[in-house]
Amino acid sequence: MSISPAQEGVPVIAIDGPGGAGKGTISRLIAERLGWHLLDSGALYRLTALAAAKHEVPLDDEAGLAGVARELDVVFRAEGDATTVLLEGCDATTTIRTEQIGDAASQVAALPAVRQALLQRQRDFRKAPGLVADGRDMGTVVFTDAPLKVFLTASAEERARRRHLQLQEAGVDASLSSLLKEIQARDARDMQRSVAPLKPADDAITLDTTRLTIPEVVDRLTEMLTERGLAPDT
Ligand code: DC
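Let me begin by describing the structure that accompanies this report. (Residues numbered from 1 in each chain as written. Predicted model: local features only at pLDDT ≥ 70, side-chain atom pairs only at ≥ 80, totals over all residues. Heavy atoms only, no water.)

Brief notes about the site of the ligand
At step 1: By nearness alone, 17 residues border the ligand, and Arg46, Arg115, Arg136, Asp137 and Arg193 come closest of all.
At step 2: Ser41 places a polar side-chain atom, nitrogen or oxygen, 3.0 Å from a nitrogen atom of the ligand.
At step 3: One of the side-chain nitrogen or oxygen atoms of Asp190 is found 3.4 Å away from an oxygen atom of the ligand.
At step 4: Here the ligand has 440 Å² of accessible area as a free molecule, and 95% of this is covered by the chains.
At step 5: Within the shell around the ligand, the residues separate by chemical class into 4 nonpolar, 4 polar and 9 charged. (Near = heavy atom within 4 Å. Polar contact = N/O pair within 3.5 Å; in protein donor to acceptor, adjacent residues only side chain to side chain. Areas by Shrake-Rupley, 256 points an atom, 1.4 Å probe, with all protein chains shown as cover. Nonpolar A, V, L, I, M, F, W, Y, C, P; charged D, E, K, R; others polar.)

This is how it looks when you write it as structure tokens:
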């Protein structure tokens, strides 16, 4: 793993787990609480899928997709508690969140050459005072030396319910049963792929969020950081 001298000793909290377990929200809140940087690695896979569609690179062209991932022209612009994502200068914040792009991202993420192409870009997010890294392989591949690794889970039914609520709030009509099926299909693809499959790192702490509120999860993770001397008492 290549770490520059400036990155040495910069703490990382790796937050992995299946989609819909609350990683995105939790990671953002922890990063805000600590004043640390945030890596939404799923967004990079989603952006690769979107850029591929834009440049008409088919989803079975692994070398072409790896090229798209390497050349990805992306800017994450933090504005208050929201982040605007620019792809080739155009706002892609909402487009990358559609089910269609999520599905394409899951296919793109199964390709070893694409994962390799995005590896260093992800590691470059490690900057002082610290990084909260949200993904599927943060603890197992990208930041294997992270001093805190957490695997957030929740039942597929609960994750579908949360996603349904989120879509309803955004004014999008979706059926709960089809969301559950999509979540189960994506879990299976993420867990069964040969490269960087979704699984907890050997030294990860697994936290089931099915019956926990967001503030409860944030408090538990903050406690874990404090116990390890990574965050001041809050
Ligand atoms: O977390 P998300 O739904 O935005 O991720 C989109 C897809 O990318 C999802 O199918 C899993 C995949 N992904 C991955 O393989 N590795 C990561 N570190 C992050 C996401």
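Next, the rest of the story.
A few points about the sheet that holds strand E2 (residues 37-40)
At step 1: Read across the sheet, 5 strands follow the order E2-E6-E1-E7-E8 without closing on themselves; strand pairing throughout is parallel. Taken across any chain shown, the strands that pair with only one partner, and hence form the sheet edges, are E2 and strand E8 (205-208). On average, adjacent strands in this sheet sit at an angle of 20 degrees to one another, irrespective of strand direction.
At step 2: Relative to strand E7 (residues 148-153), strand E1 (residues 12-16) is paired through 4 bridges, and the arrangement is parallel. Within E7, the residue paired with Ile13 across the bridge is Leu148. (Pairing = 2+ DSSP bridges. Helix = DSSP H or I, 4+ residues; strand = E, 2+ residues; numbered from the N terminus. Axes fitted to C-alpha atoms, helices over the stretch in contact; angles between N-to-C directions.)

Concerning the side chain of Thr84
At step 1: Within the secondary structure, Thr84 is located in strand E4 (residues 82-87).
At step 2: Here Thr84 falls in the buried class, since its relative accessible area comes to 14%.
At step 3: Those residues in contact with Thr84 that sit more than four places away from it in its chain are Val75, Phe76, Arg77, Glu79, Asp91 and Thr93. (Buried < 20%, exposed > 50% of the residue type's maximum accessible area, 1.4 Å probe, protein only. Contact = heavy atoms within 4.5 Å.)

Digging into the nonpolar core
Soluble globular proteins: nonpolar side chains tend toward being buried together.
At step 1: Core analysis: the biggest nonpolar cluster contains 37 residues, and Leu47, Leu72, Ile96, Val114 and Phe143 have the highest contact counts within it.
At step 2: Taken together, the elements giving at least two residues each to this core come down to E1, helix H2 (41-54), helix H3 (62-71), E4, helix H4 (99-108), helix H5 (112-123), strand E6 (131-135) and helix H6 (138-142).
At step 3: Here Val114 is in contact with Tyr45, Thr48, Glu62, Leu65, Ala66, Ala69 and Val108, once residues within four sequence places are set aside.
At step 4: Counting residues in hydrophobic clusters, the runner-up holds 20 residues, among them Val150, Leu152, Leu221 and Leu225. (Core = buried A, V, L, I, M, F, W, Y, C linked by side-chain atoms within 4.5 Å.)

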